[in-house]
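Architecture and fold: a report
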Amino acid sequence: MFLNCHSYYSFKYGTVNPEDLINWAKEHHITKLALTDINSTAGCLKFIRLAQEANITPAVGIDFRNGNEQLYVGIAKNNEGFKELNDFLSIHLHDKLDLPTEAPKFKNTFIIYPLQKAPERKLYKHEFIGVHPKELNKLIRSPWKQQPKKLVVLATATFRTKRDFNAHRLLRAIDKNTLLSKLPKNEEGNPEDTYRLPRQLEKKFKNHIFLLENTEKLLQQCSIYFDFSGKSIQNLSTYTGSEFRDYYLLRRLCLRGLKYRYPDYDFSILRRLVKELQIIRQKKFVAYFLINCKIVSYARYKGYFYVGRGSGANSMVAYLIRITDVDPVDLDLYFERFINLYRENPPDFDIDFSSYEREDITRFIFEYFSKKSPGGISLLASYSTFKYRAAVRELGKVFGLPPHEIDKIAEGGAPSDKLSAMVLHYSSYIAGFPSHLSVHAGGILMADKPIHYFTATSLPPKGFPTTHFDMHEAEDVGLYKFDILGQRGLGKIKDTLTLVRKNQPAEPPIDIHNFHMLKQDPHIKKLLREANAIGCFYVESPAMRMLLRKLEAEDYLSLVAASSIIRPGVAKSGMMREYILRFRQPERRKDAHPVLWNIMPDTFGVMVYQEDVIKVAHYFAGLDLGEADALRRGMSGKFRSKAEFERVKMRYFENCKKKGHDDALAAEVWRQIESFAGYAFAKGHSASYAVESYQSLYLKAYYPLEYMVAVLNNGGGFYRKELYVHEARMHGAQIEAPCVNKSEALCVIEGNTIYLALGMVKDLEDRVIFELLQARKFGDFKGLQDFVNRVAVSLEQLLILIRIGAFRFTGENKKALLWEAHFLLGHSKKSKPTRGLFEVEAKRFKLPDLNIFAHEDSFEEIELIGFPLCNPFELLKEPPQHYLKTADFSRFLNQQMTIYGYLVAIKNTGTSNGGRMNFGTFIDIDGYFIDTVHFPPSAMRYPFRGKGIYKLTGKVVEEFGFYSMEVAMMEKCAFIDDPRYTDDVARLKVVEIDYKGGGRRKL
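Residues numbered from 1 in each chain as written. Predicted model: local features only at pLDDT ≥ 70, side-chain atom pairs only at ≥ 80, totals over all residues. Heavy atoms only, no water.

For the rest of this paragraph, the subject is the overall build of the chain. Scanning the chain from terminus to terminus reveals 38 helices and 22 strands. With respect to the three principal axes, the spread of C-alpha positions in the chain is 95 × 80 × 60 Å. Considering only residue pairs separated by 6 or more positions, the chain has 70% of its internal contacts joining residues 24 or more positions apart. Taken as a whole, the chain presents about 45100 Å² of accessible surface, with 51% of it coming from carbon and sulfur. Charged side chains of the chain number 142 positive and 120 negative; the gap between the two group centres comes to 4 Å. (Helix = DSSP H or I, 4+ residues; strand = E, 2+ residues; numbered from the N terminus. Contact = heavy atoms within 4.5 Å. Areas by Shrake-Rupley, 256 points an atom, 1.4 Å probe, with all protein chains shown as cover. Lys, Arg positive; Asp, Glu negative; His and termini not counted. Charge placed at Lys NZ, Arg CZ, Asp CG, Glu CD.)

Two numbers describe how helix H8 (residues 243-261) lies on helix H9 (residues 267-282): the axes approach to 11 Å, and their chain directions differ by 160°. Classified by the interaxial angle, the pair formed by H8 and H9 is roughly antiparallel. For the pair H8 and H9, the sense of crossing is right-handed. Along its contact with H8, which presents Phe244, Tyr247, Leu250, Arg251, Cys254, Leu255 and Leu258, the element H9 presents Ile269, Leu270, Leu273, Leu277, Ile280 and Arg281. When grouped by side-chain class, the residues that make up the contact of H8 with H9 number 11 nonpolar, no polar and two charged. (Axes fitted to C-alpha atoms, helices over the stretch in contact; angles between N-to-C directions. Parallel < 35°, antiparallel > 145°, perpendicular 65-115°, else oblique. Left-handed = near helix turned anticlockwise from the far one by under 90°. Nonpolar A, V, L, I, M, F, W, Y, C, P; charged D, E, K, R; others polar.)

With that settled, the discussion passes to the UniProt feature "domain: Polymerase/histidinol phosphatase N-terminal" (unreviewed entry) in the chain. Within this numbering scheme, the UniProt entry marks residues 1-68 as carrying the feature "domain: Polymerase/histidinol phosphatase N-terminal" (unreviewed entry). The span residues 1-68 is 29% helix and 25% strand, and its two end C-alpha atoms sit 23 Å from each other. (UniProt positions renumbered as here; feature names shortened; annotations may be inferred.)

Next up on the list: the packing of aromatic side chains. Throughout the structure, instances matching the rule amount to 52 aromatic pairs. When the centroid spacing of 4.8 Å and the interplanar angle of 55° are considered together, the rings of Tyr538 and Tyr689 count as tilted. Here Tyr538 is found in the loop between helix H20 (522-530) and helix H21 (542-551), whereas its partner Tyr689 is found in helix H30 (residues 683-702), with 151 residues between them in sequence. Given a relative accessible area of 24%, Tyr538 falls into the partly exposed group. (Phe/Tyr/Trp six-rings, centres within 6.5 Å; stacked < 30°, edge-to-face > 60°. Buried < 20%, exposed > 50% of the residue type's maximum accessible area, 1.4 Å probe, protein only.)

Strand order in the closed barrel made by the five strands is S16-S17-S18-S20-S19, with mixed pairing throughout. Taken over all neighbouring pairs, the strand axes of this sheet differ in orientation by 50° on average, direction set aside. In this structure, strand S19 (residues 949-959) lies alongside strand S20 (residues 962-972), joined through 10 bridges in antiparallel fashion. For Lys955, the partnering residue across the bridge sits in S20 and is Glu966. Against the sheet, H21 makes contact with strand S17 (916-923), strand S18 (929-934), S19 and S20, and its axis sits at roughly 145° relative to S20, the strand it touches most. (Pairing = 2+ DSSP bridges.)

Before going further, it helps to spend a moment on the side chain of Asp612. Relative to the assigned elements, Asp612 resides in helix H26 (residues 610-620). Here Asp612 is buried and forms no salt bridge, its nearest opposite-charge partner Lys615 lying at an N-O distance of 4.4 Å. At 2.8 Å, the side chain of Asp612 forms a polar contact with the backbone nitrogen of Val608. Filtering out sequence-adjacent residues up to four positions away, Asp612 remains in contact with Met600, Thr603, Val606 and Met607. (Salt bridge = Lys/Arg side-chain N within 4 Å of Asp/Glu carboxyl O. Polar contact = N/O pair within 3.5 Å; in protein donor to acceptor, adjacent residues only side chain to side chain.)

Let's shift gears to H9. Helix length check: H9 (16 residues) gives 22 Å between terminal C-alpha atoms against 22 Å at 1.5 Å per residue, within 8%. Among the residues making up H9, those that are buried are Ile269, Arg272, Leu273, Glu276, Leu277, Ile279 and Ile280. One face of H9 carries all of its buried residues, which in axial projection span an arc of 165°. Away from its buried face, by an angle of more than 90 degrees, H9 presents the exposed residues Phe267, Gln278 and Gln282. Phi turns positive one or two residues past the end of H9, at Lys284, with a value near 60°. (Expected span 1.5 Å × (residues − 1). Arc of directions from axis to C-beta.)

Further remarks concern unusual backbone geometry. Positive phi is not limited to glycine here, since Asn177 has a value of about 55°. Relative to the helices and strands, Asn177 is located in the loop between helix H5 (162-176) and helix H6 (198-204). Even without being glycine, Ala531 reaches a positive phi, approximately 55°. Counting through the fold element by element, Ala531 comes out in the loop between H20 and H21.

Right, let's get into the nonpolar core. Grouped together as the largest cluster of nonpolar side chains are 137 residues, with contacts concentrated most on Tyr652, Phe787, Leu798 and Phe807. Those residues within four positions of Phe807 in sequence are excluded, and the remaining contacts are Val740, Gly783, Leu784, Phe787, Leu798, Leu801, Ile802 and Leu817. Grouped together as the second largest cluster of nonpolar side chains are 92 residues, Leu21, Leu33, Ala157 and Phe433 included. (Core = buried A, V, L, I, M, F, W, Y, C linked by side-chain atoms within 4.5 Å.)

Turning our eyes to something else, we now look at the pattern of salt bridges. For the structure shown, the criterion picks out 58 salt bridges. Of the charged contacts, one joins Arg49 and Glu53 as a salt bridge, the two residues approaching to 3.6 Å between their closest N and O atoms. Here Arg49 pairs with Glu53, and both are found in helix H2 (residues 44-53), just four residues apart, close to one helical turn. Given a relative accessible area of 11%, Arg49 falls into the buried group. Here Glu411 and Arg393 are joined by a salt bridge, their closest N and O atoms 3.5 Å apart. Remark: Arg393 occurs in helix H14 (residues 388-398) and Glu411 occurs in the loop between helix H15 (403-410) and helix H16 (418-430); sequence separation between them is 18 residues.

On to the environment of Gly310. As for its placement among the helices and strands, Gly310 is situated in the loop between strand S7 (306-309) and helix H11 (316-320). Each C-alpha atom of the pair Gly310 and Asn177 lies 42 Å from the other, and the pair is 133 residues apart in sequence. Excluding residues that lie within four positions of it along the chain, Gly310 makes contacts with Asp348, Asp350, Gly684 and His685.

To continue, consider the pairing of strand S5 (residues 127-131). Counting buried residues in S5 gives five out of five residues, a clear majority hidden from the surface. Neither face of S5 is open: one carries Glu127, Ile129 and Val131, the other Phe128 and Gly130, and all of them are buried. Pairing analysis gives four bridges linking strand S4 (residues 109-114) to S5, with the strands arranged parallel. Each residue of the ladder has a partner; that of Tyr113, found in S5, is Ile129. Here S5 pairs with strand S6 (residues 151-153) via three bridges, running parallel. Residue Val131 lies in a different strand from S6, and its bridge partner there is Val153. In this fold, the crossover linking S5 to S6 by way of helix H4 (residues 136-141) has right-handed handedness. (Right-handed = clockwise from strand over helix to strand, strands pointing away.)

Put simply, H21 and helix H24 (residues 575-584) touch, their axes get as near as 9 Å, and they point 30° apart. Judged on the interaxial angle alone, H24 and H21 are roughly parallel. Seen from H21, the contacting residues are Leu547, Arg549, Lys550 and Leu551; seen from H24, they are Met576, Tyr579, Ile580, Phe583 and Arg584.

This next bit is on the pairing of S19. Summarising the sheet, strand S16 (residues 896-910) and S19 pair through seven bridges and their orientation is antiparallel. Looking at the pairing, Gln896 lines up with Lys955 of S19. The hairpin turn running from S19 into S20, its antiparallel successor, is two residues long, and Phe960 in that turn takes a positive phi close to 55°.

The next point concerns helix H35 (residues 795-803). Buried residues dominate H35, accounting for eight of its nine residues. For H35, the set of buried residues is Leu795, Gln797, Leu798, Leu799, Ile800, Leu801, Ile802 and Arg803. Gly805 lies just past H35 and shows a positive phi near 90°.

Time to look at the state of the cysteines. Taken as a whole and judged by the stated rule, the model has zero disulfides. Note on Cys222: no disulfide assigned, nearest cysteine sulfur contributed by Cys44 at a separation of 13 Å. For Cys222, a relative accessible area of 0% corresponds to the buried category. Not engaged in a disulfide, the cysteine Cys973 finds its nearest cysteine sulfur in Cys870; these two sulfurs lie 15 Å apart. (Disulfide = S-S within 2.5 Å.)

What follows concerns the sheet that holds strand S10 (residues 434-446). Reading across from one edge, S7-S8-S11-S10-S9 is the order of the five strands in this open sheet, with mixed pairing throughout. Edge positions in the sheet fall to S7 and strand S9 (377-385), since each has one partner strand and no second. When the angles between neighbouring strand axes are averaged without regard to direction, this sheet yields 35°. Pairing geometry for S7 and strand S8 (residues 350-353), over four bridges, is antiparallel. The residue of S8 that forms the bridge with Gly308 is Ile351. Sheet contacts for helix H13 (residues 355-372): S8, S9, S10 and strand S11 (482-486); angle to S9, the most-contacted strand, approximately 125°.

Right under this line is the structure:
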């Protein structure tokens, strides 16, 4: 009887979770029903899985609509019918076409037309007319009454309660970006489209029993099944078309790689290789390796940088066929973390490419592997869900609340009236609802058969078919993603190498992949030991800088451990501190439990990596490898059955007791596992990160200016771009504002001079930058008039270029240039480039002397690029007579001192009792870091007030050689008045600007 049920996967329309729908059906002893969401199959697999678990026979289909106009409902008779529906919907979603008013002639699908949309022709065998409960009176006069066998009940089910309907109207208003009061009725669902109980339908259709019988008969013919056991992998099963040929190809590639990776390999290497190959073959993961191998082979052919990481880096096979650059033998990586005989799902590889090369890799994957599996390749979707605060803001607009009221209640303020209270009520209700489909950060599916057997696909701006379900539903049905990710760090490395070749052509070629050389380099060791790693991949954050300073780490293995131990959860468990203590104080290592020490000697008996969870569960608690891996996945939030996880937990404690472990010890080890297992990296993953960190540290050590330019050109890193400009200056760079004759869209370097990017200038249009660069191919600009004659530019855009100093090469006063720009373009919307033989000189006017005041340029720079190019301490209104610096911290240890710092970064965090505290990062007048801690009383009394210089007073503390300040008082310092707008001209200092000398100020 239930042919047209909607869930909240009818985006911004439905309100029912498929799980609630199944529970409702179980409660009322409904054994068969169909989920037919509106132009969406996002909920189908979840619905089918839940129905199968509840012993309910599922049917799935699609409610085809143009806008809110229902055309027909398609219900799949079987899996082939589901594919037919997905093929049909996908065509129209890809091409953004309206659906036709009549459905095509499906072979394995039933089509049900609403009574009012019935075609004026004879129905095909698979077509029916649906009668809504409210249309029974119309049926009496309908000609379709003469064909009773073609009539079924179409009792659309969208709402359970009045609250559902109210939420539905709010979702429709959000979707249409309109006030609730202005939402057209034809954009709403019918309030009578409720979830009716079987007895209610029987009562309603008591005089039309044949309708109910026809409906039941139709549903009885529908049967769809997917295997959700986890044992049926749906990925592309072979690479060559034969499992036998796949295995021998992988074996041949590994033997070829042995000569490259291990020139002097011994029997132990061969033994591990044979073991890995046997397990990979037994688990039928051979094609997975070969597919990844093909992807990275293409990348090497194209000269693309990549990093293979994830637990896959624990595999020697992956190392030999160059998916990763991490030597699992050298690092003693635990292969069983990657694959063991108990593991059902394929291993995990994440392959990073630079952001601008990933698109070509994705294109290659679709083109190449679509030949092996036509229609089987797609991007993976993710669900964008309503977050509570965002929902408050959306509903606040829908209800027409004023912006200040929306801001107040969104930040937790009390509602002012019933309307605001209603916003909060319904925001809580829709929080967690899926809003729309997004594209997963890097997931690509390669199925053994067309993806439309599982889902319809959309075509987002990326231009590749994208599923309607996310990674969890994909894994449930046996589809495991390939992660092809974009990462800026690789772009920084590649761009640095290019910049070095251009800026220092006499330098010998750099072999950035000679990792043995990198590990021995003394300059890298010094940077690590001093934590001087700004701009370097994964090691530049304040927390990582603190950890490296405390460890005084200077070798690769220490950095590998640091890359995992810095993850959330480890510090909370106390293991980070314990690891530092055992690292720095060898006598503390005796505190380790003997069993834990034997399992993890390289980390002094402290759990650091994900595989440590497996090792401890296996060797300490006696769980088998399957149970141990289930424990790891469960704590990572990757389990579907909480009951299974609880069984493993119970087994852990039972086994510990059998092994004679003290209850307190077993509980403490469990606490450590529980606190960090979901956050820690696999060792191979950390090792991959550390390789890239070493590469970036090497480039910073030997080519700091080129490296900082590459960092800026790849979007910066953890910090704002300003800090990377500062870091370049600390390494001897001369920083220049953008110049029309020197700058490009990105930053450029000439010797030790860095010209900032035109693209960094606020409000400067990309079109103007493009036309400027095109015109400059014919020679540098001679002056402002020459620029206007050669580049189509508006007055507004020209003024921006003058204000940032892009015409300082002319040697003319900036204010005079602004006047000249008005003379040239004051009566035109835009200049019109000319190509004449002779340049017509514009009429020139004699201007009075126009003074330039100190720091006018600094305030222009703050406005246009976000920061001044001078030392910001020069802008203080009331500078102190004497500055204390970071170098003075050791003299004030455990004493109070006052220091001035320019704010770089803030980290907000919570305390165990619900308070809020901050960690601050500043730089002193000499450019060196000040690290601060703001405990809740100080954080509440002295909050941060935006960018600028702060006067910090507090106690200097030290731990393991790392100094920081516990701030007791903090005050933001005022800058001088903006000289461009102040009336107090008499107090301003007139300066001479040496424009022809490159724009350096003579104060």
